[in-house]
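Each chain, written out:
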Amino acid sequence: MSVAPTIPPPGAVARTLRHDFARLTDLCEVLSVRVALPGADETPAGVSAAELVKDEAVLDAFVAAEAARIRDRYGVVPRRDVAASRALHDYAWSVSLLMSGTWYLARRVPRIRPEDLRLDLASAEFTLTPGSDLACLDDDPAATLPGVLTVPHEEALRAELRAAVADHMGPLLDAIGPLTRRRSRALWGMVCDDLVSGIWYLGRTLGREDDAVAAATRLLPTAVTPYPGGADFRHLTTDDGRRHPTRTRAGCCMYYTIRPAEACSTCPRTCDAERLRRLQG
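Residues numbered from 1 in each chain as written. Predicted model: local features only at pLDDT ≥ 70, side-chain atom pairs only at ≥ 80, totals over all residues. Heavy atoms only, no water.

> Explanation requested: the sheet that holds strand β7 (residues 149–151) in the structure shown.
The strands that make up a sheet are held in pairs by hydrogen bonds between backbone atoms, and each pair lies either parallel or antiparallel. Strand order in the open sheet formed by 3 strands is β3-β6-β7, with mixed pairing between adjacent strands. Each edge of the open sheet carries a strand with a single partner, namely β3 (108–110) and β7. For this sheet the average axis-to-axis angle between neighbouring strands, irrespective of direction, equals 20 degrees. The sheet strands contacting helix α1 (residues 12–27) are β3 and β6 (134–137), and the helix crosses β3 at an angle near 105 degrees. (Pairing = 2+ DSSP bridges. Helix = DSSP H or I, 4+ residues; strand = E, 2+ residues; numbered from the N terminus. Axes fitted to C-alpha atoms, helices over the stretch in contact; angles between N-to-C directions. Contact = heavy atoms within 4.5 Å.)

> Looking at this structure, I do not really get the side chain of Ser197. What am I missing?
Topologically, Ser197 is positioned in helix α6 (residues 184–205). Here Trp93 takes part through its side chain, which lies 3.5 Å from a polar atom of the side chain of Ser197. (Polar contact = N/O pair within 3.5 Å; in protein donor to acceptor, adjacent residues only side chain to side chain.)

> Quick question: what am I supposed to make of the layout of surface pockets here?
Over the atoms rolls a probe the size of a water molecule, and in doing so it shows where empty space is left. Within this model, the largest pocket holds a volume of roughly 1100 Å³. Forming the boundary of the largest pocket are 41 residues, of which Arg86, His89, Asp90, Trp93 and Ser197 lie nearest the centre. If you list the elements that add at least two residues to the lining of the largest pocket, you get α3 (56–74), α4 (80–106), α6, β9 (243–246) and α8 (272–279). Ranked by residues supplied to the lining of the largest pocket, first place goes to α4 with 7 residues. Of the residues contributing to the lining of the largest pocket, the split by class is 19 nonpolar, 9 polar and 13 charged. (1 Å grid on protein atoms, 1.4 Å probe; cavity = no way out; pocket = protein on both sides within 12 Å on 5 of 7 lines; lining within 4 Å. Points joined across faces, edges and corners; volume = space filled by probe spheres on them. Nonpolar A, V, L, I, M, F, W, Y, C, P; charged D, E, K, R; others polar.)

> Any chance you could explain the pairing of strand β5 (residues 125–128) here in plain terms?
Each regular strand displays side chains that alternate between the two surfaces of the sheet. Pairing between strand β1 (residues 33–35) and β5: 3 bridges, direction parallel. Note that in β5 the partner of Val33 across the bridge is Phe126. Pairing analysis gives 4 bridges linking strand β4 (residues 117–120) to β5, with the strands arranged antiparallel. By the bridge assignment, Leu119 is partnered in β5 with Phe126. Hairpin connection between β4 and β5: a loop of 4 residues separates the two successive antiparallel strands, and Ala124 in this loop has a positive phi of roughly 65 degrees.

In structure tokens:
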């Protein structure tokens, strides 16, 4: 007697992704994302990522909310282009890590549609409703789920990740570019930096920094359109003989305009001597 194949229930991909996203957000305390239950009858607070691209008033509110946070946190009233750049940086880092973190932890690449992501402008918390667009290796248990794209090897999966991040970020860069007063190459440089730094951060969180640096380097070994540069890690050696990975950002996050004496450790303005001073405490 033949046995009928088991058919995954509707929404199986979204539930699988919810588990993967929840694992990631549990590990990353600084990732301010609430993962919604797929199919739940609720409308999360805030504006959708799709609205940021289509509605100029929503985009203005997005930038104004970041300006207010900078003022409250640092006592500085930022220029509008600085507030826009900082808002874009926080968005790009979070969205990139949601996709790259899932790739790093589970070897799966989810595509996050703009309509699946909402941002509460007051709290800066994202709400993500997992979708059904997923790519994975052909030996992944998720490969049997309906609609999943399977790829034959790791480089093909890395290509899916690069494309997923680029497809999500491209429309937002077009919309917010004039507010940042920066051109396309500089904006894509920021996305490149945030994609790499999210993986690097996750590796440090897990105590696997060297592995994460290697993974980010394989993902962006050099410039790959539209990313204008590679991961470009190098090492600095402290007095105790330990080697520490570092890199120099391809695009500026503009933090130096808020705290000139505290530029990021990967900022082009931060020399190696200062980086070593910080590493050695």
